[in-house]
Amino acid sequence: MQPKIMMKKKSVSASKASLVLFLCQMISALDVPLDLSQPPTITQQSPKDYIVDPRENIVIQCEAKGKPPPSFSWTRNGTHFDIDKDAQVTMKPNSGTLVINIMNGGKAEAYEGVYQCTARNERGAAISNNIVIRPSRSPLWTKERLEPNHVREGDSLVLHCRPPVGLPPPIIFWMDNAFQRLPQSERVSQGLNGDLYFSNVQPEDTREDYICYARFNHTQTIQQKQPISVKVFSMDSLNDTIAANLSDTDIYGAKPVTERQPVLLTPTGSTSTKVELRGNVLLLECIAAGLPTPVIRWIKEGGELPANRTFFENFKKTLKIIDVSEADSGNYKCIARNMLGSAHHVISVTVKAAPYWITAPRNLVLSPGEDGTLICRANGNPKPNISWLANGVPIAIAPEDPSRKVDGDTIIFSHVQERSSAVYQCNASNEYGYLLANAFVNVLAEPPRILTTTNKLYQVIADSPALLDCAYFGSPKPEIEWFKGVKGSILRGNEYIFHDNGTLEIPVAQKDSTGTYTCVARNELGKIQNEVHLEVKDPTMIIKQPEYKVIQRYGQVSFECIIKHDSTLLPTVIWLKDNDALPDDERFLVGKDNLTIMNVTDKDDGTYTCIVNTTLDSVSASAVLTVVARPNPPFDLELTGQLERSVELSWIPGDENNSPITNFVIEYEDGLHEPGVWHYQTEVPGTQTTVQLKLSPYVNYSFRVIAVNEIGRSQPSEPSEQYLTKSANPDENPSNVQGIGSEPDNLVITWESLKGFQSNGPGLQYKVSWRQKDVDDEWTSVIVANVSKYIVSGTPTFVPYEIKVQALNDLGYAPEPSEVIGHSGEDLPMVAPGNVQVHVINSTLAKVHWDPVPLKTVRGHLQGYKVYYWKVQSLSRRSRRHVEKKILTFRGNKTFGMLPGLEPYSSYKLNVRVVNGKGEGPASPDKVFKTPEGVPSSPSFLKITNPTLDSLTLEWGSPTHPNGILISYILKFQPINNTHELGPLVEIRIPANESSMILKNLNYSTRYKFYFNAQTSVGSGSQITEEAVTIMDEAMASRQVDIATQGWFIGLMCAVALLILILLIVCFIRRNKGGKYPVKEKEDAHADPEIQPMKEDDGTFGEYSDAEDHKPLKKGSRTPSDRTVKKEDSDDSLVDYGEGVNGQFNEDGSFIGQYSGKKEKEPAEGNESSEAPSPVNAMNSFV
C-alpha cells in the first residue's frame, strides 16, 4: 500500500484578481458612466421560450439602463400591445416588466403569443428577444380499455405507456399499487419513450399492477395510467392444463422454453437517422429481445466514441454523449448478442447547429470626428443569415446617416457626429434558431476620469500575480500610463503587462514590488491620475505535513500540521476528513498544530486534510489513515463434489480490514466421535477460496475457516453443513506397539489406540497376536476392544516374542500389520561381576576394572554396572566416622570406570553389581584400597596477639584435612608501609607439633602481612593470610607531640614575649594612651613552630596534610632519637589499619576517634593532652 500525501496551494488574491480582470474585460474599459448621456441597454429579459404556470400571474421581464432613463413599449405577435386597454396587464414603475394578472380572473391561454420589448430614449432604442409565452399543460390520460397480457415464458413483451402530450413533456416512471418503483435490469427496462420492455418474461413477472405514471414538473402534478395485467404461463403448467383436457394431443408436449437469438425491439429495422443540435445531449437507444437476455455493445463506425463525454445508461441500452458538436456526426452501431447469435442496428447521426456567436457586436463610444466599426459574426449549420436594424427598425428603411456604411456583417462609421448616436441590432438566424444582439454607438466628448477608488490597497502573496486596477473613461479614449512611486519613471518592460482596461499586471510579485503605484489617464481634453498601494506578503507554508499512517483498531494516531506564515496575516487551521468536516466525536482532538484521534475505529479510515487559510492565500496537505485489524471471519461456506474420501470446500472471505489476508486455516469437527472439538485440517494461501479436502471414512465432518493477516487470526467462520462419510475397513493399525513384561512370567503387550475418525466404521476392535521368537510356534491371537493393553501370562523369563496388533471393525480388517520384537518379564541378575581390580592413580582418583557377567545370567536387558564405594577411615587420624556409601553407574556393557573425588591418605572399600530392568544383582566381594598422601588443607585458623614494639605472638590450628602426615608449617611475612607497598619477604619453617610462636626483632609501629600453610611429604597446602601492627614507644610520642616542653622553643617564646612587651611600653609612652597593635597579623605570619615543617635529615617528621597530600612513612625513614611519634601521623596510621580492641567503631565498622585535621593546636594540659586524644593507647592494647 503506497502512502498518499497531497498538498495544494492557491492564492486568494490571484483568484480575486483574475475575477476582476475577467469582469473588466467583459464590460470593457469604455463602459459609459451612468451620469453621462447614453443610449438604452437591455439588462434583463425573460427567456425566448417562456413556459408559464397557468395558475399563476405571468411576469415578462424587460429591464434597461440609459441616460436619460428609457421608456418602454411592447409588441405582441408583431403589433403594438396597448397595455392601457387591458385591465389585467400592468407595467412595473421605472421598468418595462409586464405583469399579467391571471389569479384574478385572467386566463393564461388568452395571453399566448410572441412578445417583444423596446427601451427608448433620445439617443436610440434597444429591443429584447422575441419572447414566446406558452402556458404549461398536464392533460389527463384518455380513457381506454386495457386487456390482460397473456405471455408464454421466455417471450418478449412491451407494455406501452403512451402518456398525454404535455407542455413541457412529462417525466415517465413505472410503479405498482404500493407506489414502489418496479425493479429494472438487463432483462426489464424502460425506454426513452416511456414504454416498459421485457427482453424475455419469467414467471415472476406475473402481476396485475404495472402502472405508468407521468409527472408534469411545471404544474407539480402526476397523472396515472390504468394498471396493466401480465400473466406468464410456464410450459410445464401449460402442458398440464392441455393434457387434462386433451389427453391425446401433444401440441405442447416436450417443448421446453425456447432459447432465441436477439431481435431488436427498438429501433426497428436495420438503420435509422437522428438529428441533434450542437451543444445538446445526444441519446441513442437499442433494446433487444432474446433468451438468454442479450447484452448491448456500442461502436462508432470509422472512429472512436468521444472520451470523457460518453456515458452508458439503462444497462448499456442507452448511449449518451454530452455537449455534441459537428465532429460527433456519423454512424453509430448497437450490437445485441447472446450465445445464440447477434443483431445490430445503425443510427446515422447528423449534428446541426443553431446560430452561435463568433464575434458579437460591442458598444462603441466615439468622440466627434472619430471612426469605428460594429462587427457581427456568427456561425451555425446551416450558416445563419445576418441582418441589421437601427433603433429596432430594419436598417434599410431606417433614417439615413451619412457617417455609416453597412458591409455584410460589419457597419463602418466615419467622422461621426453627435447625431450619429443610435442602438444597432444584429440578428443571426437559421432554421434552428436566432441570435439578437444590441450594440450602441454613443458620440461623446469627455475628458478622462478614473473610476477606481483613490489610494486603494492591494495585498498579494509573493510569487503570485498582482493586478492593480485603473478603470477609466474618456472620449476620445484616454491613454494609460503607470508609474511606481510619486516621482518614479514610467513602467515598461517584460516584467509588467498592461491590459486594455487599464489594469497593470505584475505576473510575479516580489517583496520589492511593495510600494505606491500611480495611474495616469490623458486624452486631448485633459489628464487625471490616481494612486494605489501594493503590499506583498510572505506565502503561508506547511513546513511539517501530515504523513501517511497505518494504525491498528483501537489505537491512537496523530497527524502534524506545522505552519509558517507572514506575521501580518492571521491564519486559521481547519481539518477535514474525506473533504468534509470532522465527525462530531470527542475522540477527535484538534491541537494547535496537530490532530489526534483516540481509540481509532474502522470508520476513521480515510483522507485527512489540514487546510490553512489567510485572507490572501490558502494551503493544504493531506494524508491517508489506514486502519488495520484482524480480518473478519469468512462466510457462506459450501461443500461440493462430495466423494467417499474427499470434498471441495469453498467460502467467501470476510473484510480484510486493510491488511491483506495471507492464508486461510481450515479446521474440522468430528461430530460422531469428538463433538465440540476442532482439529487442524490444512491451510491455503490467502488468494485461494476453495480447497479439496481429504476425508476419512465414518466421520461426521463439519468445517470452519479462519482468515489470517499480519495483525492476527479472525474469529472462526460459522460451521459448514455436516457431511457423514461412509464406513470402510480401517486404513491403519495401532502405532507404538510394545511388548514388555511386568513380571518374570508375563508379557505385557501395549499399543496406542486409533482415534475415533481412524476407526473408519463402527465396531472398532484389535486383534493381538504373539509367538516366541526363534521357536517354531504358531501365532496365538486374541481379539479385544476398548483397551490398549493385553497381558500374556505363563511365559518363560526374558525371552523374545514376535508381536503384532491389527485393527478391525464391522466391515473388516486393516492391512496386515508389521511385527515388533518384545520380551517377557525380567528377573534379578544371578551372578556378581568377578575379578574386580583397583588401580589408584593419585590421592583423589582411582580406576576400577571387572569382568562382565554372562548375558544369560543377566535375565533381562543389561543396563550397566554400579560401583559402590565408601571411606573406611583416614590413615592420618585413625578415627572412624559414619560410613557414607557412594554409587557410580556405568551404562551398557562397560567393564571399567573412574572413581573421582577420593580423600587422600584414606582407606576405601568397593564392590560391583550388574543392573537390568528389574534391579541389581548380587555384589562382588568388597575390595580394599588406600589412597596416598596429598597436600593438606589450609590451617584451621591463624590468630596474632600481644603486639609489642618489636614482637607479635602467632597462634594457629592444624588443618581440618591433613591428607597425610604433617612434617612442618611454613610462615612467610613482610612489612607494609603506609602506601601499601610490600617489603622483603621472610620465610620460617616451624615443626609440625607446634601450635604457636613469638615472632621477635620486628620494627615498631609497622604493619606486617603473614602467609601461613602446612606441609606434608607431598607438598605445601593452601595458605591463610593475616595482618598485624607492632606498637610505638610512648615517650617518643610524647616528646614529638608536646613540642612546648623543648628548651629552644621556650627560649624563643620568652624572647618574643619580651619584644612585644617593649613595643607596648614604647607605644604607651609615645601616645600616652592605650592603643591597638596588629598582633594577629604577626601571629598569622609566624605560625606555631610545633606545626612547622621539620627537616628530614635531623630525624623529625614533616607537617600533617590533608588526605590528598598525606604520604605515609616510607620504608627506611629515620625515626626520632626519643622514639616518639607525632599525633597527627599516629592518628592517620590508625585510621588506615587500626584493629585495637579499645577503639570505638560505628555500626558500619568505621572508627570513631578524636582525629583532627586542624593546624592550630588546642591548649595543652600537661602530658595528658598528648595522650588522651591519640589512638596510641588503642595500639598498646592491640591483640
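Residues numbered from 1 in each chain as written. Predicted model: local features only at pLDDT ≥ 70, side-chain atom pairs only at ≥ 80, totals over all residues. Heavy atoms only, no water.

The name an unreviewed UniProt entry assigns to the protein is Neuronal cell adhesion molecule, from the organism Columba livia. Recorded under Sequence similarities (unreviewed entry), the UniProt text for the protein is reproduced unchanged: "Belongs to the immunoglobulin superfamily. L1/neurofascin/NgCAM family." Quoted verbatim from the Subcellular location (unreviewed entry) heading of the UniProt record, the comment on the protein is "Cell membrane". (UniProt positions renumbered as here; feature names shortened; annotations may be inferred.)

1. Some details on the overall build of the protein
Of regular secondary structure, the protein possesses 9 helices and 88 strands. Taking the contacts inside the protein whose residues are at least 6 apart along the sequence as the reference set, 66% of them involve residues at least 24 apart. Element-wise, carbon and sulfur atoms account for 51% of the exposed surface of the protein, whose accessible area totals about 63,400 Å². (Helix = DSSP H or I, 4+ residues; strand = E, 2+ residues; numbered from the N terminus. Contact = heavy atoms within 4.5 Å. Areas by Shrake-Rupley, 256 points an atom, 1.4 Å probe, with all protein chains shown as cover.)

2. Regarding the pattern of salt bridges
Going through the model one piece at a time under the given rule, you end up with 36 salt bridges. Between R522 and E481 there is a salt bridge, with the nearest N and O atoms lying 2.7 Å from each other. With a gap of 41 residues between them, R522 in strand β46 (residues 515–523) and E481 in strand β43 (residues 479–484) connect regions that are remote in the sequence. The class of R522 is partly exposed, set by a relative accessible area of 29%. A single network of salt bridges, built from pairs that share partners, joins D176, R207 and D209. (Salt bridge = Lys/Arg side-chain N within 4 Å of Asp/Glu carboxyl O. Buried < 20%, exposed > 50% of the residue type's maximum accessible area, 1.4 Å probe, protein only.)

3. Structural notes on the state of the cysteines
In total, this model carries 6 disulfides according to the counting rule given. Here C62 connects covalently by a disulfide to C117, the sulfurs 2.0 Å from one another. Disulfide C62-C117: the torsion about the S-S bond is -70°, which places it as left-handed. Of this pair, C62 sits in strand β5 (residues 62–67) while C117 sits in strand β10 (residues 113–121), and the two are 55 residues apart along the sequence. Each bonded cysteine in the protein gets a number by its place in the sequence, and the pairs come out as 1-2, 3-4, 5-6, 7-8, 9-10, 11-12. (Disulfide = S-S within 2.5 Å.)

4. Observations regarding the sheet that holds strand β75 (residues 864–874)
As summarised here, the arrangement of the 4 strands in space is β76-β75-β78-β79, forming an open sheet in which the pairing is antiparallel. The open sheet is flanked by β76 (886–891) and β79 (927–930), the only strands paired with a single partner. This sheet shows a mean twist of 25° between the axes of neighbouring strands, independent of strand direction. Pairing of β75 with β76, which is carried by 6 bridges, proceeds in the antiparallel orientation. Its bridge partner lying in β76, Y865 is registered against F890. (Pairing = 2+ DSSP bridges. Axes fitted to C-alpha atoms, helices over the stretch in contact; angles between N-to-C directions.)

5. Digging into the sheet that holds strand β62 (residues 690–694)
Read from one edge to the other, the open sheet built from 3 strands follows the order β58-β59-β62, with strand pairing classed as antiparallel. Two strands in the sheet have a free side with no partner beyond their single neighbour: β58 (635–640) and β62. Taking the axes of each pair of neighbouring strands and ignoring which way they run, one obtains an average angle of 25° across the sheet. Judged from the 4 bridges that link them, β58 and strand β59 (residues 646–652) form a sheet pairing that is antiparallel. Within the sheet, the bridge partner assigned to F635 lies in β59 and is I652.

6. Some points on the packing of aromatic side chains
Centre-to-centre distance and the angle between the planes together describe a pair of aromatic rings. Under the counting rule described, the total for this entry stands at 22 aromatic pairs. Here Y496 and F498 contribute two aromatic rings whose centre-to-centre distance is 6.5 Å and whose plane-to-plane angle is 40°, an arrangement assigned as tilted. Ring geometry for W850 versus Y865: centroids 5.5 Å apart, planes at 50°, classification tilted. Here W850, found in strand β74 (residues 845–851), pairs with Y865, found in strand β75; they are 15 residues apart in sequence, far enough to count as distant. Both residues of the pair, W850 and Y865, count as buried. Members of the aromatic cluster, joined through ring pairs, are F173, F179 and Y213. (Phe/Tyr/Trp six-rings, centres within 6.5 Å; stacked < 30°, edge-to-face > 60°.)

7. Focus: the UniProt feature "transmembrane region" (unreviewed entry) in the protein
Annotation from UniProt places "transmembrane region" (unreviewed entry) at residues 1048–1069. Between the C-alpha atoms that bound residues 1048–1069 the distance is 32 Å, and the span itself is 100% helix and 0% strand.

8. Considering the nonpolar core
Counting 30 residues, the largest nonpolar core has I58, I60, W74, I100, Y115 and I133 as the members making the most contacts within it. Mapped onto this core, the elements with two or more residues apiece are β3 (49–52), β4 (58–60), β5, β6 (71–76), β9 (98–100), β10 and β12 (131–135). Core analysis: the second largest hydrophobic core is formed by 20 residues, L649, V684, L695 and F757 among them. (Core = buried A, V, L, I, M, F, W, Y, C linked by side-chain atoms within 4.5 Å.)

9. Focus: a nonpolar patch on the surface
Nonpolar side chains collect at one region of the surface, where L1058, L1061, I1062, I1065, V1066, F1068 and I1069 lie side by side and expose about 680 Å² of accessible area between them. Along the polypeptide, F1068 turns up in helix α5 (residues 1047–1071). (Patch = residues over 30% accessible without salt bridge, like charges linked within 9 Å, V, L, I, M, F, W, Y side chains within 5 Å.)

10. Observations concerning the pairing of strand β80 (residues 939–945)
The sheet contact formed by β80 and strand β81 (residues 952–959) spans 6 bridges and is antiparallel. Across the sheet, residue I944 finds its bridge partner in β81, namely L954.

11. Focus: the pairing of strand β52 (residues 572–577)
Both β52 and strand β56 (residues 606–613) contribute to a ladder of 6 bridges, which runs antiparallel. Counted as the bridge partner of W575 is C610 from β56. Pairing between β52 and strand β53 (residues 580–581): 2 bridges, direction antiparallel. Each residue of the ladder has a partner; that of L576, found in β53, is A581. What sits between β52 and β53 in their antiparallel hairpin is a turn of 2 residues, with D578 showing a positive phi close to 55°.

12. Looking at the environment of Q88
The topology assignment puts Q88 in the loop between β7 (79–80) and β8 (89–91). We classify Q88 as partly exposed; its relative accessible area is 25%. Residues Q88 and V99, 11 residues apart in the sequence, show an inter-C-alpha distance of 8.1 Å. In this view, Q88 contacts V99, I100, N101, N104, G106 and Y111; residues no more than four positions away in its chain are not counted.

13. A closer look at the confidence of the model for the protein
When pLDDT is averaged across the protein, the result is 85; 84% of the residues are at 70 or more. Below pLDDT 50 for its whole length, residues 1037–1041 participates in 23 contacts with residues either more than four positions away or in separate chains. Counting interchain partners and residues more than four positions distant, the pLDDT-below-50 stretch residues 1074–1183 has 157 contacts. (pLDDT = per-residue confidence, 0-100.)

14. A short note on the side chain of T310
Checked against the element boundaries, T310 lands in strand β26 (residues 310–313). At 2.5 Å, the side chain of T310 forms a polar contact with the backbone oxygen of P306. (Polar contact = N/O pair within 3.5 Å; in protein donor to acceptor, adjacent residues only side chain to side chain.)

15. Details of unusual backbone geometry
Here the residue pair N381 and P382 is connected by a cis peptide bond, since its omega of 5° sits within 30 degrees of zero. With respect to the secondary-structure elements, P382 resides in the loop between β32 (377–381) and β33 (385–390). The amide bond that connects S475 to the next residue, P476, takes the cis arrangement and shows omega of 5°.

16. Let's talk about the side chain of T596
Note that T596 resides in strand β55 (residues 594–597). Within polar-contact distance, the side chain of T596 engages the side chain of S558 at 3.4 Å. Those residues in contact with T596, other than ones at most four positions away along the chain, are Q556, V557, S558, R587, F588 and L589.

17. A short note on the environment of D469
Of note, D469 is situated in the loop between β41 (466–468) and β42 (472–475). Residue D469 is classed as buried on the basis of its relative accessible area, which comes to 11%. In this structure the C-alpha to C-alpha distance between D469 and L451, which are 18 residues apart in sequence, comes to 9.3 Å.

18. Re the environment of I597
Among the secondary structure elements, I597 is positioned in strand β55. The class for I597 is buried, based on a relative accessible area of 0%. Sequence separation between I597 and Q556 is 41 residues; the distance between their C-alpha atoms is 5.8 Å.

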